[in-house]
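These are the residues of each chain, in order.
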Amino acid sequence: MTDAAPILIDFPGADEASRTLHGGKGAALVRGALAGLPVPAGSILTTRFFAPWIERLTRSSPWRALQTAEAEEHPRLGAELEALALDLPLEDRQRGTFDALTRRVEALGGRVAVRSSAPDEDLAAASFAGAHRTRLGVDAAGLETAVRDCFASAFAPRVVSYRQTSGFAPTPSAFAVIVQRQLDSQRAGVAFSIDPETNDFDHVVIEAAWGQGEAVVSGRVEPDHLVIDKPSGRIVDRRTGSKLIQLRLTADGSLVERPVETADTCCLDDDRARDIARLVAQVEALASAPVDIEWAEDDAGLHLLQSRPITRYVPLPPEMMTAPGARRRLYGDIALSSGLTINGPISPLGLDWMRRCIDSMVTTFVGGRRPRRGAQPPIADALWFTAGGRMYQNFSNLFVLVNPRRLARPSAGVDTLTAATLESLDGARYRAERRPPSLGWSLVRRLPATLVRLRAPLVRSVAAMLRPARAARRLERDLAAHRQELDALAERRPSLETIAAEHLDRHLRRVVDATMPALGAGLSAVALLQSLARRRGLPPSEVEALGLGFIGNVVAEMGIALFRLARSLRHLETRPDDPTAGAEQAGNNRVASTAALLLTRQAPADVLAAWDDVLASYGWRGPSEMDLASPRFADRPEDLVEQVLAMPIDTPALDPQNAHERRVAERRRATELLRARCGPFGRRLVDHLTQVVEHFAGHRDTPKHANLRYFQLVRHRLVERGEMLVAAGRLDDAGEVFDLTFSDLGAADRDPAFDLRAVRHERTAFHRVLQRTVRTFPVLIDSRGRILRPPRGGERAGELQGTPISSGRARGRVRLLDQPDAGPFAAGDILVAYATDPGWTPLLARAGAVVLEIGGALQHGAVVAREYGKPCVAGIDRLLERLDDGCFVEVDGDRGIVRRLDEGSAPTSDVPG
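Residues numbered from 1 in each chain as written. Predicted model: local features only at pLDDT ≥ 70, side-chain atom pairs only at ≥ 80, totals over all residues. Heavy atoms only, no water.

Peer 1: An account of the overall build of the protein is needed here, citing residue identities and associated values.
Peer 2: Summing up its helical and strand segments, the protein has 33 helices and 26 strands in all. Computed over the C-alpha atoms, the radius of gyration of the protein is 31 Å, within 12% of the 29 Å expected from 2.2 N^0.38 for a compact globule of 913 residues. The dimensions of the protein, computed from C-alpha atoms along their principal axes, are 95 × 70 × 65 Å. In the protein, which comprises 913 residues, the share counted as buried stands at 55%. (Helix = DSSP H or I, 4+ residues; strand = E, 2+ residues; numbered from the N terminus. Rg over C-alpha atoms; globule rule 2.2 N^0.38 Å. Buried < 20%, exposed > 50% of the residue type's maximum accessible area, 1.4 Å probe, protein only.)

Pasting the structure below:
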């Protein structure tokens, strides 16, 4: 910003919109006025006007202290800055500007609304909606006071807190203020260009009340609620609110409450509602993104008061969308299934790798022509596809063959919310109008060849059921041979092309042939035992016990190994703590010291042995591990050390080994109870199935474990390629290689002029949108953005109802986490997450209980919770929106209930056994 930049501008009249000069709100109003939208006239005190005030504040001690203060000090320091801001002196230029603004206010009718317009306000990532103060009905005499008050509110404790949690600096670097003609509105409210409840792109949502819109924005009335379908203009829904009062502007500019005689009448008729819908659609088109607006209507007609981007919604890439009003397609997010459980944009290279693996599996075991690398059929014809940073299933095409209710049954074990949604879904609404080519006769013709290709795992599955001991010895030999093969492959350090292409088919066949028969036999035997137990009348708790305590589960064993490592690190001598450091800094120092001793091999031999064992057995695991871009434990050992040091080694109730051994004993006791209720033949059957369970039921995660070890070899080659490209000056960081695809890397090899930076920027453009707007990805979403949810069930006040996954009760403080390292987590805290994967194991080991939005009995977090004896509830719709971080709850794993408690309720645990 230069000295030539205007200090005061008018709208209409400004020739361009500038966020830097006019702030977020101001730029939007100028843009709307330039487009001919009905924006009431006004002026903007630009950021140049407030620059002297901000420069003065930067020299104050509260400002300097606030930049480095701990979060708990922010409110106090913000309040000190707010007080200073209210009493700043005016420079001559500012005083002259106020004089000019006063004349303009008088020309506008004498009454104005004064609103904030900071450059970092009304961004796509953060709106600051309602954070800064707004002054209504201001006259010329009160103008300076109103402007000062609006500016000072930028330092109010609530704003400083919002800035902190939204990732901004605690203080603004610039500020602007809008001074706009005050309307004596007859009706007013807000409108959204998409439905904030359902994410439907074709619906406009309007909330309206009589009088000033402040009654709606502040929540002082229950507004009328209307939903309008954009393509047809049809009123989809209308709910009349109890608008008992209205806010009206008096002659002296104050707002007064007046009773409403027509409180039970909707204040908008259909024509007015459609006018507002058209206005918000125009603003959306102007912004090229979903928006919400504030509108008002007076005797002169409809007016646009404010507009801002909607900060939280789920966008879709263009290739997934159908035209407005056209038949919609339904998509299921495979990346939230039990095998992936990634709640975030998957890297371009990670998606490319997943496509390669699935294509390899299909051509190896089903046959057919291998797709061209990176290619996929049109989404309308596909059964599955990758787009927009995710992997999806096209349910519309599946509905051609299968009723949604049939699909719900296998989904229940992984995600109870998806199962409930599919159960209630009208399949005809989303069924594809034609059979996709992938479900044609070519698939039927391939069936005999597919059975031939699958003969090895099919035969081994039968052998595992009939001769479990012999099959188990063969499985161990196969797994050992596969480990040796991967070790040899790592030592040879083959090229990226070799390991990512030539060896992939062989690796996947080895894993399927060896592990899938064991997995199938183990799950089948457990299901048969539980079915027999129900028929013999065993109590539900004993039936559940038959499905727990399996030997050889690598995820459960990983938690036990990490707990042992934590005990080994207990007496490790690190550098002395800095006595002046806070608790957080002291913890960071200990992590850094411990990691340094381990990585430089200066720790005692027994500690190094435990560390080496963890890395050798689980070093290729980690959070979001199915994405090649995600670092593993071995890649970032400091993160693993931090998680391990926090494990509750002095709390026997949270020891995962004790819990696992208890589960094994409970399963074996339940087996004996079942034997006692059977006759001679039944006892022999139970004994045989128990052998199958002992040998194979623990191998649920073995296929993934083996695959991830291979993935780590590929990841290492990719990081090396990234380092080479950085050295060549073609990328800025080695990790940027994951923002490309294999075909991009091939093109870069062939053409030294191939612009990898430009390609990377293009491939990650939609990812950047997702990172700004999406907190949790929906499991089911249609081609116009509508998120499908299960029918609302009855819940008692203060309770959230989900699906009981693991029995027991626990009380504690809620910790809402998006990632396992996203915040502080103490032993006994209640882990609340959207979904988890094995990378969360250190947290699961020290949690008092686990609550998941996405999950069922077979989801990773649920399996580990049961093995460790943690109460667990899953399948609570909008869980992360309905619980606050730090609140106290009781988790009842027997009934599937999460109950809110009063602040200060003591943490407790009541785990069976």
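Now, onward.
Peer 1: How would you explain helix α13 (residues 416-423) if you had to name every residue and give the values?
Peer 2: Extensive coverage of α13 is indicated by the burial of six of its eight residues. Taken as a whole, α13 has its buried residues at T416, L417, T418, A419, T421 and L422. Of the surrounding secondary structure, the elements contacted by the buried residues of α13 are α11 (395-398), α12 (404-411), β17 (780-782), β19 (803-806) and β23 (872-874). (Contact = heavy atoms within 4.5 Å.)

Peer 1: So what's going on with the packing of aromatic side chains? Which residues, and what values?
Peer 2: All chains considered together, the criterion is met by 17 aromatic pairs. An angle of 55° between the planes, with centres 6.1 Å apart, marks the rings of W63 and F155 as tilted. Here the residue W63 occupies a position in helix α3 (residues 61-68), and F155 occupies one in the loop between α6 (143-152) and α7 (157-165), the gap between them amounting to 92 residues. In terms of burial, W63 and F155 fall into one category: buried. Three or more aromatic residues joined by ring pairs make a cluster, and in this case those are F49, F50, W53, W63, F98, F151, F155 and F175. (Phe/Tyr/Trp six-rings, centres within 6.5 Å; stacked < 30°, edge-to-face > 60°.)

Peer 1: Go over the sheet that holds β17, please, and point to the residues and values.
Peer 2: The strand order β15-β16-β14-β17 describes an open sheet built from four strands, whose pairing is antiparallel. This sheet does not close on itself; its edge strands, each paired only once, are β15 (384-387) and β17. Direction aside, neighbouring strands of the sheet carry axes that sit 35° apart on average. Strands β15 and β16 (390-394) of the sheet are contacted by helix α10 (residues 348-365), whose axis makes an angle of about 165° with β15. (Pairing = 2+ DSSP bridges. Axes fitted to C-alpha atoms, helices over the stretch in contact; angles between N-to-C directions.)

Peer 1: Any chance you could break down the sheet that holds strand β3 (residues 112-116) for me, citing the residues and the numbers?
Peer 2: Whether parallel or antiparallel, the strands of a sheet pair through hydrogen bonds between backbone atoms. The strand order across the open sheet built from five strands is β1-β2-β5-β3-β4, with neighbouring strands paired in antiparallel fashion. Edge strands, defined here as strands with exactly one partner in the open sheet, are β1 (8-11) and β4 (135-138). In this sheet, adjacent strand axes meet at a mean angle of 20° when their direction is disregarded. Where strand β2 (residues 42-45) and strand β5 (residues 177-181) come together, four bridges link them in antiparallel fashion. Its bridge partner lying in β5, S43 is registered against V179. Its contacts with the sheet put helix α5 (residues 92-107) on β1, β2, β3 and β5, and the angle it makes with β1 is roughly 15°.

Peer 1: If you had to explain α3 to someone new, which residues and values would you point to?
Peer 2: Along α3, the residues classified as buried are P62, W63 and L66. The buried residues of α3 occupy an angular sector of 100° when projected down its axis, which confines them to one face. (Arc of directions from axis to C-beta.)

Peer 1: Break down the pattern of salt bridges for me, citing the residues and quoting the values.
Peer 2: Under the counting rule described, the total for this entry stands at 66 salt bridges. Note that R328 and D200 form a salt bridge whose closest N and O atoms lie 2.9 Å from each other. One end of the pair, R328, is in the loop between β13 (301-309) and β14 (330-333); the other, D200, is in the loop between β6 (187-192) and β7 (203-210), with 128 residues separating them in the sequence. Looking at D200, the relative accessible area reads 1%, which means it is buried. Residues D635 and R715 are paired through a salt bridge, measuring 2.8 Å at the closest nitrogen-oxygen approach. Placement of D635 in the loop between α23 (605-618) and α24 (637-645) and of R715 in helix α27 (residues 702-727) is noted, with a sequence separation of 80 residues between them. The exposure class assigned to D635 is partly exposed, which follows from its relative accessible area of 27%. Here the salt bridges share partners, and the residues they tie into one network are D200, D202, R328, D782, R784 and R786. (Salt bridge = Lys/Arg side-chain N within 4 Å of Asp/Glu carboxyl O.)

Peer 1: A description of the pairing of β13 should follow, citing residues and the corresponding values.
Peer 2: Burial of β13 is extensive: seven of the nine residues sit out of reach of the surface. In sequence, strand β12 (residues 291-298) turns back onto β13 through a hairpin of two residues.

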